[in-house]
Amino acid sequence: MRKKTLVMFLIFIVLVSLFIPTNASAYSRLGYVMTKASAKNFKVYINGSARGYRNIIINGAKSWNPSPYLNTVTMGNDVKPNFTVSSSNTNKGSVLAVCNTTYYKSNKLIVKNEITLYKGFRSLSNNHKIETVAHEFGHGFGLGHVKTRNAIMLDKGFINKTKPQKDDFNGIKALYK
């Protein structure tokens, strides 16, 4: 009887531990990353449709620069930008923006990120616009959504910060160190 009780207790502990959130995995990986050289020197092109948000996009991109592993190098019409940002008149409801990433390998890994800002983005405050853009850049670097409320990669809603937080930078460190 004691053995059965002990086994049931251990099973209970294992099951409970699976549902208790921890900060040990405050970020998730999307399965791809840019090369370290590209991340250290990432380039951004702002499409004509998004030029009205230029300062917001630049602030969102540069918000990742405090990480020693990332750095915005150029803005403008570069031949091979790592990120292209455009704006769309499409209404996607609660979806304000997306980052679509394509990657392919010829002689080296190349990652291209297309960030699209949808119609709902326009009605946000400037700080929420910057937070949204920074969040989408995080996806482009390979970070997934998180449930923790202290990370810019939060899956839903806003944390009311315009810069990535400690958990976001820990995710970048894990991917690019």
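Procedures and definitions
- Residues numbered from 1 in each chain as written.
- Predicted model: local features only at pLDDT ≥ 70, side-chain atom pairs only at ≥ 80, totals over all residues.
- Heavy atoms only, no water.
- Helix = DSSP H or I, 4+ residues; strand = E, 2+ residues; numbered from the N terminus.
- Buried < 20%, exposed > 50% of the residue type's maximum accessible area, 1.4 Å probe, protein only.
- Contact = heavy atoms within 4.5 Å.
- Areas by Shrake-Rupley, 256 points an atom, 1.4 Å probe, with all protein chains shown as cover.
- Salt bridge = Lys/Arg side-chain N within 4 Å of Asp/Glu carboxyl O.
- Pairing = 2+ DSSP bridges.
- Right-handed = clockwise from strand over helix to strand, strands pointing away.
- Core = buried A, V, L, I, M, F, W, Y, C linked by side-chain atoms within 4.5 Å.
- Polar contact = N/O pair within 3.5 Å; in protein donor to acceptor, adjacent residues only side chain to side chain.
- Axes fitted to C-alpha atoms, helices over the stretch in contact; angles between N-to-C directions.
- Parallel < 35°, antiparallel > 145°, perpendicular 65-115°, else oblique.
- Left-handed = near helix turned anticlockwise from the far one by under 90°.
- Nonpolar A, V, L, I, M, F, W, Y, C, P; charged D, E, K, R; others polar.

A short note on the overall build of the protein chain
Then step 1. The helix and strand tally for the protein chain stands at 5 helices and 5 strands.
Then step 2. Of the regular secondary structure in the protein chain, the N- to C-terminal order runs α-α-β-α-β-β-β-β-α-α.
Then step 3. Residues counted as buried form 41% of the 177 residues belonging to the protein chain.
Then step 4. A sequence separation of at least 24 residues applies to 69% of the contacts in the protein chain between residues at least 6 apart.
Then step 5. Taken as a whole, the protein chain presents about 10400 Å² of accessible surface, with 55% of it coming from carbon and sulfur.

Things to note about the pattern of salt bridges
Then step 1. Counted by the stated rule, this structure contains 1 salt bridge.
Then step 2. Of the charged contacts, one joins Lys-147 and Asp-155 as a salt bridge, the two residues approaching to 2.6 Å between their closest N and O atoms.
Then step 3. By relative accessible area, Asp-155 is classed as partly exposed at 25%.

Quick notes on the pairing of strand E3 (residues 83-87)
Consecutive side chains along a regular strand alternate between the two faces of the sheet.
Then step 1. Where burial is concerned, most of E3 is hidden: 5 out of the 5 residues are buried.
Then step 2. With burial as the criterion, each face of E3 is covered, one bearing Phe-83, Val-85 and Ser-87 and the other bearing Thr-84 and Ser-86.
Then step 3. Two elements, strand E1 (residues 42-46) and E3, share 3 bridges in a ladder whose sense is parallel. Paired with Val-44 across the bridge in E3 is Phe-83.

A word on the pairing of strand E2 (residues 72-75)
Then step 1. Note: E1 against E2, 3 bridges, orientation parallel. Its bridge partner being in E2, Val-44 is matched across the sheet by Met-75.
Then step 2. You can see the chain leave E1, run along helix H3 (residues 54-62) and come back into E2, and the turn it takes is right-handed.

Things to note about the nonpolar core
Then step 1. Residues Trp-64, Phe-137 and Phe-141 are the most contacted members of the largest nonpolar core, which totals 39 residues.
Then step 2. Within the residue set of this core, elements represented by two or more residues are E1, H3, E3, strand E4 (97-105), strand E5 (109-117), helix H4 (126-141) and helix H5 (166-176).
Then step 3. Of the residues forming this core, the biggest block, 5 residues, is contributed by H4.
Then step 4. Once you skip the residues sitting within four places of it in the chain, Phe-137 turns out to touch Phe-42, Val-44, Ile-57, Gly-60, Ala-61, Trp-64, Phe-83, Val-85 and Ile-115.

Thoughts on the side chain of His-139
Then step 1. Its location among the elements puts His-139 in helix H4.
Then step 2. Overall, the relative accessible area of 10% leaves His-139 in the buried class.
Then step 3. Within the structure, His-139 has its side chain in polar contact with the backbone oxygen of Leu-143 (distance 2.9 Å).
Then step 4. Within the structure, His-139 has its side chain in polar contact with the side chain of His-145 (distance 3.1 Å).
Then step 5. Those residues within four positions of His-139 in sequence are excluded, and the remaining contacts are Leu-30, Tyr-32, Cys-99, Thr-101, Gly-144, His-145 and Met-153.

Here we look at the packing of H3 against H4
Then step 1. Here H3 crosses H4 at 50°, and the two axes come no closer than 8 Å. By the angle between their axes, H3 is oblique relative to H4. Judged by the sense of rotation from one axis to the other, the crossing of H3 with H4 is right-handed. In this structure, H3 uses Ile-56, Ile-57, Asn-59, Gly-60 and Ala-61 to contact H4, whose residues at the interface are Asn-126, Lys-129, Ile-130, Val-133, Ala-134 and Phe-137.
Then step 2. Looking at the contact of H3 with H4 residue by residue, the class counts come to 7 nonpolar, 3 polar and 1 charged.

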